[in-house]
Amino acid sequence: MAGVTCLFALAVTGCSAGSDSSSDATPPAESEQANSPSPSPSATSSSTGTSYAPYVSAVEADDNDSAGSPTAYNLAFVISSGSGCTPKWNGTNAIGDSAVKSRISALTESGATARVSFGGASGKELAATCDSASELAEAYGEALDAAGSTQADFDIEGDELTDSDSVALRSQAIAALQEERPDLEVSFTLPVMPSGLDADSLALLASANKYDVQVSTVNLMTMNYGESYAGDMGGYAITSATAAQAQLKEVFGTTDAAAWKGMALTSMIGTNDVDNETFSLSDAAQVRTFAEEKGISWVSMWSTFRDQQCEDGSATDDALTNCSGVEQSSGAFAEAFSE
């Protein structure tokens, strides 16, 4: 595909922003790309292997947050407060909430970084409610500044993924934000199937490239495939990653190694939202081993506050929110993903 070689710039070749995204120039040959300058390692992409970066609640601490010694934390989620362009944590807590700031300080005290995750499955992502790219960029920047972060994750799914207008607006806003903040690292978190990324996800990446967004990582949500996928969840994750890697290699015109390095994997631990899908501790170990073998940038899970066994008979326990729904010791999935 023409003009897509800059999309993995931060993770792959160091391609400069402002390149001609409409160019029909042929991507460099694989041997030429292999000699391209390598980026300096970041806190999210360890030079010695695959990092562990779980999703955590931005507003509420959990005893399992530090299990596995994460290199980075994905703070879930910043979305619109409603119909306007005001960013809030979970749509309810003010971006400058002092309790959230204290929480982030505690998470990063060990040296880990905090990545602000925009979007998610609930509420409205800001691109769906802001009126202009400049207004949207300002909202994103406000959240990043409040968290003291130079890392932004955009978890785009559901209606937000199929809305071409908000996809384009988001791409423009991120590009503008990166012009102001050259050190801003951007990841896109997208749904995947064992057959790979769907047309909507590929269109989102093409939009990002069109507006010269510099993307460090494409994070695949290896979960919730559908009722017909009732088998080996670890195997499905590997099959999904393998299919997506071939797509990314083709889309970005890059090497095998670079396509793997520009990827992250996020699994929903234990019971998934779809009946018959259960991601086990052995699945986590399988995914971790695979990620290390392929040189995948980081692995993640939804989420630290689910990394514990449900209390039988407790009305407050929900296997989709408060616990994993499988037999385990607290923090066991974090250990499996980090070892």
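Residues numbered from 1 in each chain as written. Predicted model: local features only at pLDDT ≥ 70, side-chain atom pairs only at ≥ 80, totals over all residues. Heavy atoms only, no water.

Draft legend 1. View of the overall build of the chain. For the chain, the helix and strand inventory stands at 10 helices and 13 strands. A total of 339 residues make up the chain; the buried ones form 53% of that total. Long-range contacts, defined here as pairs at least 24 residues apart, represent 73% of the contacts in the chain between residues at least 6 apart. As displayed, the chain has an accessible area near 13,700 Å², and 47% of this comes from carbon and sulfur atoms. (Helix = DSSP H or I, 4+ residues; strand = E, 2+ residues; numbered from the N terminus. Buried < 20%, exposed > 50% of the residue type's maximum accessible area, 1.4 Å probe, protein only. Contact = heavy atoms within 4.5 Å. Areas by Shrake-Rupley, 256 points an atom, 1.4 Å probe, with all protein chains shown as cover.)

Draft legend 2. Highlighting the state of the cysteines. Counted by the stated rule, this structure contains 2 disulfides. Sulfur-sulfur distance for the disulfide between cysteine 85 and cysteine 130 comes to 1.8 Å. Residues cysteine 85 and cysteine 130 share a disulfide whose torsion about the S-S bond is about 90°; that sign makes it right-handed. You can see cysteine 85 sitting in the loop between β3 (72-80) and β4 (87-89) and its partner cysteine 130 sitting in the loop between β6 (113-119) and α3 (133-147), a full 45 residues away along the chain. Neither residue differs from the other here; cysteine 85 and cysteine 130 are each classed as buried. Note that cysteine 310 is cross-linked by a disulfide to cysteine 323, the S-S spacing being 2.0 Å. (Disulfide = S-S within 2.5 Å.)

Draft legend 3. Representation of the nonpolar core in the model. Leu75, Trp89, Phe118, Tyr140, Phe188 and Phe337 are the most contacted members of the largest nonpolar core, which has 79 residues in total. Those residues in contact with phenylalanine 188, other than ones at most four positions away along the chain, are Asp153, Phe154, Arg170, Ile174, Leu204, Leu205, Ala208, Val213, Val215, Thr217, Val218 and Asn219. (Core = buried A, V, L, I, M, F, W, Y, C linked by side-chain atoms within 4.5 Å.)

Draft legend 4. Structural detail: unusual backbone geometry. In the segment running from alanine 76 into phenylalanine 77, the intervening peptide bond is cis, with an omega of -20°. Along the polypeptide, phenylalanine 77 turns up in strand β3. You will see that asparagine 224, though not glycine, has its phi angle at about 50°, which is positive. In this structure, asparagine 224 sits in the loop between β9 (217-222) and α7 (233-252). A residue is classified by how much of its surface remains accessible, and asparagine 224, at 25% relative accessible area, is partly exposed. Phi is positive for asparagine 276, close to 80°, though the residue is something other than glycine. Position of asparagine 276 among the secondary structure elements: in the loop between β11 (270-271) and β12 (278-279).

None of this, on its own, says anything about what the molecule does.
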